[in-house]
Amino acid sequence: MHYTFDFMSVFVNWPRLLEGAWLTVQLSALSIVLGFVVGTLCAIAFKSKSWLLQAVVKTYVEIIRNTPLLVQVFLVYFGLASIGLKLSAETAAVIALTVNVGAYTAEIMRAGINSIHPGQIEAAECLGMSKFHVYWHVVLLPAVERVYPSLTSQFILLMLASSITSQISAEELTATANLVQSETFRSFEVYVVIAVAYLALSFLFRAAFWLVGKTAFVRKRKLGTNL
Amino acid sequence: MTSFTFLHVEYLLQAAVWTVVLSLVAFVFGGVAGFVIALWRVSPNKTLRAIASWYIQIVQGIPLLVILFVAYFGLAIAGFKLSPLVAAGISFAVYCAAFLGEIWRGCIEAVPKTQWEASECLGFNRFEQLQKVILPQAFKIAIPPTVGFMVQIVKNTSLASVIGFVDLSRAGQIINNSTFQPFTVFGCVALIYFCLCYPLSALSKHFERKLNVSNR
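Residues numbered from 1 in each chain as written. Chains lettered and ligands numbered in written order. Predicted model: local features only at pLDDT ≥ 70, side-chain atom pairs only at ≥ 80, totals over all residues.

**Re the overall build of chain B**
In plain terms, the rule: Every helix listed is a DSSP run of H or I at least four residues long, and every strand listed is a run of E at least two residues long, numbered separately from the N terminus. Whether a residue is buried, exposed or partly exposed follows from its count of other C-beta atoms within 10 Å of its own C-beta, namely 20 or more, 12 or fewer, or something in between, respectively; the C-beta atoms are built from the backbone.
Of the regular secondary structure elements, chain B holds eight helices and zero strands. Listed by position from the N terminus, the elements making up chain B come as α-α-α-α-α-α-α-α. With respect to the principal axes defined by its C-alpha atoms, chain B has extents near 75 × 45 × 25 Å. With 216 residues in all, chain B has 41% of them scored as buried.

**Here we look at the interface of chain A and chain B**
Test applied: We call two residues in contact if the C-beta atoms placed from their backbones are at most 7 Å apart. Ten residues, namely Ala, Val, Leu, Ile, Met, Phe, Trp, Tyr, Cys and Pro, are considered nonpolar, four, namely Asp, Glu, Lys and Arg, are considered charged, and the remaining ones, Gly among them, are considered polar.
Each partner contributes residues to the interface: chain A has 30 residues there, and chain B has 30 residues. Residue assignment for the side of chain A that touches chain B shows that the elements contributing at least two residues are α3 (51-65), α4 (69-82), α7 (131-161) and α9 (187-216) of chain A. In terms of residue count, α9 of chain A provides more of the side of chain A that touches chain B than any other element does, nine residues in total. Along the lines of polarity and charge, the residues of the side of chain A that touches chain B split into 19 nonpolar, nine polar and two charged.

**Section: the environment of Phe-69 of chain B**
Residues and elements named next belong to chain B. Tracing the backbone through its elements, the reader meets Phe-69 in helix α3 (residues 64-77). Among the residues examined, Phe-69 registers 27 C-beta atoms within 10 Å and is labelled buried. Sequence spacing of Phe-69 and Thr-5 is 64 residues, and the spatial spacing of their C-alpha atoms is 34 Å.

**Comments concerning the nonpolar core**
Rule in force here: Think of a nonpolar core as buried Ala, Val, Leu, Ile, Met, Phe, Trp, Tyr and Cys residues chained together by C-beta atoms that fall within 7 Å.
Core analysis: the biggest nonpolar cluster contains 120 residues, and Val-73, Tyr-191 and Ile-194 of chain A together with Val-66, Leu-68 and Cys-96 of chain B have the highest contact counts within it. Of all the elements, helix α4 (residues 84-110) of chain B adds the most residues to this core, at 14 residues. With residues near it in sequence (within four places) discarded, Ile-194 of chain A still touches Leu-173, Thr-174 and Ala-177 of chain A together with Val-66 of chain B.

**Topic: the packing of α3 of chain A against helix α5 (residues 89-114) of chain A**
All names here are of chain A. Heads up, the rule is: Note on geometry: axes are lines fitted to C-alpha atoms, helical ones only across the stretch in contact, with angles between N-to-C directions running from 0 to 180 degrees. Left-handed is the label given to a crossing in which the near helix is rotated counterclockwise from the far helix by less than a right angle, and right-handed is the label when the rotation is clockwise.
For the pair α3 and α5, interaxial distance at closest approach is 9 Å and the crossing angle is 115 degrees. Of the two elements, α3 crosses α5, and the hand of that crossing is left-handed. From α3, Val-57, Tyr-60, Val-61, Ile-64 and Arg-65 reach across to α5, where they touch Val-99, Asn-100, Ala-103, Tyr-104, Ala-106 and Glu-107. Partitioning the contact of α3 with α5 into residue classes produces eight nonpolar, one polar and two charged.

**Thoughts on the confidence of the model for chain B**
In regions of low pLDDT, the predicted coordinates are not meant to be interpreted in detail. Residues and elements named next belong to chain B. Operational definition: The quantity known as pLDDT measures the predictor's confidence residue by residue, on a range of 0 to 100.
In the predicted model, chain B carries a mean pLDDT of 91, and 98% of its residues have values of at least 70. Mean pLDDT across the elements of chain B ranges from a minimum in α3, with 88, to a maximum in helix α2 (residues 46-60), with 95. Predicted as a complex, the structure gets a pTM of 0.90 and an ipTM equal to 0.89.

**Some points on helix α8 (residues 173-184) of chain A**
As a reminder of what qualifies: In this scheme, a helix's expected span is set at 1.5 Å multiplied by one less than its residue total.
An ideal rise of 1.5 Å per residue puts 16 Å on 12 residues; α8 of chain A measures up with 16 Å between its terminal C-alpha atoms. For α8 of chain A, the set of buried residues is Leu-173, Thr-174, Ala-175, Thr-176, Ala-177, Asn-178 and Val-180 of chain A. Considering only its buried residues, α8 of chain A is in contact with α1 (8-11), α2 (14-46) and α9 of chain A together with α3 of chain B. The first or second residue beyond α8 of chain A is Phe-185 of chain A, which carries a positive phi of 60 degrees.

**Regarding unusual backbone geometry**
For Ser-169 of chain A, which is not glycine, the phi dihedral falls at a positive 60 degrees. On the basis of neighbour counts, which here come to 14 C-beta atoms within 10 Å, the residue Ser-169 of chain A falls in the partly exposed class. The backbone of Phe-180 of chain B sits at a positive phi, close to 55 degrees, despite the residue not being glycine. Topologically, Phe-180 of chain B is positioned in the loop between α7 (168-179) and α8 (182-215).

**Observations concerning the environment of Pro-118 of chain A**
All names here are of chain A. Among the structural elements, Pro-118 can be located in helix α6 (residues 118-126). Residue class for Pro-118 comes out exposed when judged on the 7 C-beta atoms lying within 10 Å of it. Along the sequence, Pro-118 and Val-139 sit 21 residues apart, while their C-alpha atoms lie 9.5 Å from each other.

**Structural notes on the packing of α6 of chain A against α7 of chain A**
Residues and elements named next belong to chain A. Interhelical geometry of α6 versus α7 gives an angle of 140 degrees and a closest axis separation of 10 Å. As for the relative orientation of α6 and α7, their crossing is right-handed in sense. Within the contact between the two elements, α6 uses Gln-120, Ile-121, Ala-124 and Glu-125 and α7 uses Val-134, Val-138 and Val-139.

Written out as structure tokens, the structure is:
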């Protein structure tokens, strides 16, 4: 077998690949923020007294968690287009990713909220805190702090999964690699390069989450102990 | 333009068989490799621990889609002309080995340390310790997360469609290209995936509850 590796023809395309990586970061960051909000709202709905709300959220979570992201992306992109709602590939990608990560976040946040001891809530009520204050300070924030490691690994998985949106030609890193590949025919080299790029991105995201955790969880920073 | 008929549903179901086949291949080969990785992760040998840990770090930091591309094109360069099933099988085994290895390491470490010490006092060597004392206990802890991960495998096999493997998703795309009814077609595809995955999810939850009861 005679094959000469040629990474140069990949590296001359670095501005495009960098642009793709930047879009990957943007898509992921936006979906993570939106998905976190959706998931938290769903987790709160889980705890509500209305059985209808509970059933709706439960169905949503089960459907999303038991179907592949690829199919969800196709449904949003092609499905919505077929009923006349023509979205750009990037918008469709963000919607599909948000809906997807929202379901996983809901499940994680539910576990977090469940882990809050009822005594804490009773104690807060005895202190005369309003309902909103109790929920915010005693339930939600400590819940996030407890499940933060699971949340971050879920979010990093989402960043990696955003590569799937290349299938609807959202011009992120993998899609750019597909383009470069079809121009240079250096398929192996291109994909090895973006594999390394994704590794770097996941380290970057992990570092970012660590920083966010450090700044957000004041109590932990001061006492140095877990909740 | 044809419309979506029961013939299409039949075609989807046939493709679903391939999804199941690929999932099983991935689970069996990934499971064997993952077991080795898990044992290396808890090995007293520093080099083996480092290799396993690096392997997990690297594979978990790369999207499965890119692993698939690298395997498919890389193996072609190496001179193997592989069918998509083999290329997909290899990539999924690599991917599953990392995740199952990490899951099972956690299960092995969840066995109390005193069990290691007690079995050492009984004069067991390391192999006997693992075989007779640690692994049987770790196995019980491992069932719920392993079944849970099988759901991930089934869902992730949808990505094999990008290297030309005709699984459920690819079949859906092919049908959609001729019928232009994405809601019906992908709705149907999603439903079949749901029917494959939901029993596994429910089973995983069931085992988890059972385990919690026995631990209480």
